[in-house]
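Architecture and fold: a report
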2 protein chains.
Amino acid sequence: MRNIKLTIEYDGKDFNGWQKQPNKLNIQGELEKVIGEITGEEIDLIGSGRTDAGVHALGQVANFKTNSTMPVEKFPIAINSKIKKSIVIKKAEEVEDDFHSRYHCKRKTYRYIIDNNETPSAIYRHLLYYFPQKLDVEDMTKAAKYFEGEHDFKAFKASGTSSKSSVRTIYEANIFEENGRIIIELTGNGFLYNMVRIIAGTLLEVGLGKIKPEEILDIIKEGKREKAGKTLPPQGLYLVKVEYE
Amino acid sequence: MRNIKLTIEYDGKDFNGWQKQPNKLNIQGELEKVIGEITGEEIDLIGSGRTDAGVHALGQVANFKTNSTMPVEKFPIAINSKIKKSIVIKKAEEVEDDFHSRYHCKRKTYRYIIDNNETPSAIYRHLLYYFPQKLDVEDMTKAAKYFEGEHDFKAFKASGTSSKSSVRTIYEANIFEENGRIIIELTGNGFLYNMVRIIAGTLLEVGLGKIKPEEILDIIKEGKREKAGKTLPPQGLYLVKVEYE
């Protein structure tokens, strides 16, 4: 069988997240249905990971096996012409038989956008988290650097979630400011459940002066969820890219 | 009575345009209703001009008379808290009694965004006009310059519309490219019905090589609607700002 890797953009606000679940609109299920219609096969689409309801993706990656003989470059056109406009296949590639979107993922990049303008945006309201109280971007930038490196991030995962280990490496944590929007960008070898939204919430507390930049290391070391900031809402979060070797 | 000037952002996709009309959701009507509830008065809101269904605004201007004693800076908060999230008051100012949003307008700036990437965008699909065939931005930039100055733009207005004169002045016509998006920005003393969307459609023909940049002057001189390009769809159009003396 051929193994096809897809790069996918989607508008999170229209879905109950990536993962297939009965009676709730989800991205994985929509894609499996449409690819199934095109290939005449039952499709098992493996994503690089889930995204929650409301979370957007610019470059989610997923793969599926097929006996279809369709040229690989035709898949985006065929899928995009049948699927909801809130999902777009950006690229399709034929990959090695053993390629697995989740197991073989080396780096993921997420972006969280806080709209720190005085008034909210009408046009971009589903694409930003609006927070009007003025944030200190310089302190947030300093604080972000403390997240870089290999750490046990158990203070930064949703309570009640069980992963074998909560040790992850963040390769880069950067902050940009653009038109009054504060953009937090994190690249790591993997992220725990809600980890990016909790880091964003913690950086927001730094921006408010409630947490000092250098206190980030203590919060990481202590490992207590309640010492970190709130989980910010999903509409500000984007899965930007997923990298493999 | 006090005269209050509002600067307004709205997401055009949710409305049948600016203008009040029965049984169709419109921006003017929604604002009059909410401001009426706040002031307890019947409000007559005068916009700088209409925008069509699907057209967005970053800085539409409108004004209304009121006997309300509410401090002017409270109006945005009061209106934004009651109105649909797809409309946001960015600013409220108290102006001279004779200020009129439409009559006194000196300059308007519109933006039209063509998404010229290979695949459409899922996330920004309501905010761009997607056109995948590769456009020649250099030729489009040259062509845009021919629109500058005072001209009779009768070739660039929707047929069947009657305005006394179709002479308008375009002060600036610029083209930018950003992430595969072509941004057409026009500033003028006024625009005829559909004029920006027809100019954008004509520049698109230039980008395709069907019209040469220097032919723009002939099309203006001849004044025949059929020589200009198609009217591009509303979702790519933004009213960016409205200026007064």
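Just so it is clear, the structure is predicted and the values come from calculations on it, not from any experiment.

This part takes up the interface of chain B and chain A. Contact with chain B, which involves 23 residues of that partner, is made by 23 residues of chain A. Together, the buried faces of chain B and chain A total about 1,800 Å²; carbon and sulfur atoms form 59% of this surface. Between chain B and chain A we count four salt bridges in total. One salt bridge in this structure joins Asp11 of chain A and Arg125 of chain B, with 2.9 Å as the shortest N-O distance.

Accessible area lost on assembly of the parts is the figure often given for the size of an interface. All names here are of chain A. As far as domains go, chain A holds domain 1 (2–95) and domain 2 (107–243). Domain 1 and domain 2 are separated by 27 Å when their C-alpha centres are compared. Taken together, the 15 residues of domain 1 in the interface contact 16 residues of domain 2. Summed over both sides, the interface of domain 1 with domain 2 buries roughly 1,200 Å², with 58% coming from carbon and sulfur. Where domain 1 touches domain 2, the interface holds one salt bridge. In this structure, Arg197 engages Asp52 in a salt bridge whose closest nitrogen and oxygen atoms are separated by 3.4 Å.

Take helix 1 (residues 27–39) of chain B next. Residues and elements named next belong to chain B. Taking 1.5 Å per residue, 13 residues should reach 18 Å; helix 1 reaches 18 Å between its end C-alpha atoms and fits that length. Of all 13 residues making up helix 1, 10 are buried, and the element is well covered by its neighbours. What helix 1 keeps buried is the set Ile27, Gln28, Gly29, Glu30, Leu31, Glu32, Val34, Ile35, Gly36 and Thr39. On its buried side, helix 1 packs onto strand 1 (2–10), strand 3 (56–66), helix 2 (74–82) and strand 4 (87–95). In this structure Asn26 caps helix 1, since a side-chain oxygen of it lies 2.6 Å from the backbone nitrogen of Gly29. Looking one or two residues beyond helix 1, the residue adopting positive phi is Gly40, at roughly 70 degrees.

We now examine the relation of the copies chain B and chain A. The transformation that overlays chain B on chain A combines an axial shift of 0.0 Å with a rotation of 180 degrees, and the residual RMSD is 0.0 Å. Seen this way, the second copy is the image of the first under a two-fold rotation axis. Minimal C-alpha separation from the rotation axis in chain B is found for Tyr124 of chain B, amounting to 4.6 Å. Most of the interface of chain B is mirrored in chain A, where 100% of its interface residues are also at the interface.

Under the defined criterion, the tally for this structure stands at one cavity of 30 Å³ or more. Around the largest cavity, the lining residues are Asp11, Lys13, Ile123, Arg125, His126 and Leu127 of chain A together with Asp11, Lys13, Ile123, His126 and Leu127 of chain B. In the lining of the largest cavity, the residues fall into four nonpolar, two polar and five charged.

What counts and how
- Here, residues in each chain are numbered from 1, in the same order as that chain's written sequence.
- Starting at A for chains and at 1 for ligands, labels are handed out in the order in which the entities are written.
- Given that the model is predicted, a residue must reach a pLDDT of at least 70 before its local features are reported, and side-chain atom pairs must reach 80 or more before they are shown or counted; all residues, however, enter totals for whole chains, interfaces and linings.
- Heavy atoms throughout the structure, all of them, feed into the side-chain values; hydrogens and water do not.
- In what follows, a contact means two residues having at least one pair of non-hydrogen atoms within 4.5 Å.
- Accessible-area loss on putting two parts together, using a 1.4 Å probe and summing over both, is the definition of buried area adopted here.
- Just to be clear on terms, a salt bridge is a Lys or Arg side-chain nitrogen sitting within 4 Å of an Asp or Glu carboxyl oxygen.
- The start and end points of each domain follow an automatic or database-based domain assignment.
- Helix and strand definitions follow DSSP, with helices as H or I runs of at least four residues and strands as E runs of at least two, each counted in order from the N terminus.
- An expected span of 1.5 Å times one less than the residue number is assigned to each helix.
- The classification of residues rests on relative accessible area computed with a 1.4 Å probe and restricted to protein chains. Under 20% of the type maximum is buried, over 50% is exposed, and intermediate values are partly exposed.
- A 3.5 Å cut-off defines polar contacts: any pair of N or O atoms within that distance qualifies, except that in protein one atom must be a possible hydrogen donor and the other a possible acceptor, and neighbouring residues in sequence count only when both atoms are side-chain atoms.
- Each copy is superposed on the other by least squares, with the fit set by C-alpha atoms of residues at a pLDDT of at least 70 in both.
- Two kinds of site are reported from a 1 Å grid over the protein atoms alone, namely cavities, where a 1.4 Å probe fits but cannot get out, and pockets, open sets with protein on both sides within 12 Å along at least five of seven lines, and residues are called lining when an atom falls within 4 Å of a point.
- Grid points are joined across faces, edges and corners, and a volume is the space filled by probe spheres set on the points.
- Under the convention adopted here, Pro, Cys and the residues Ala, Val, Leu, Ile, Met, Phe, Trp and Tyr are nonpolar, Asp, Glu, Lys and Arg are charged, and Gly plus all remaining residues are polar.

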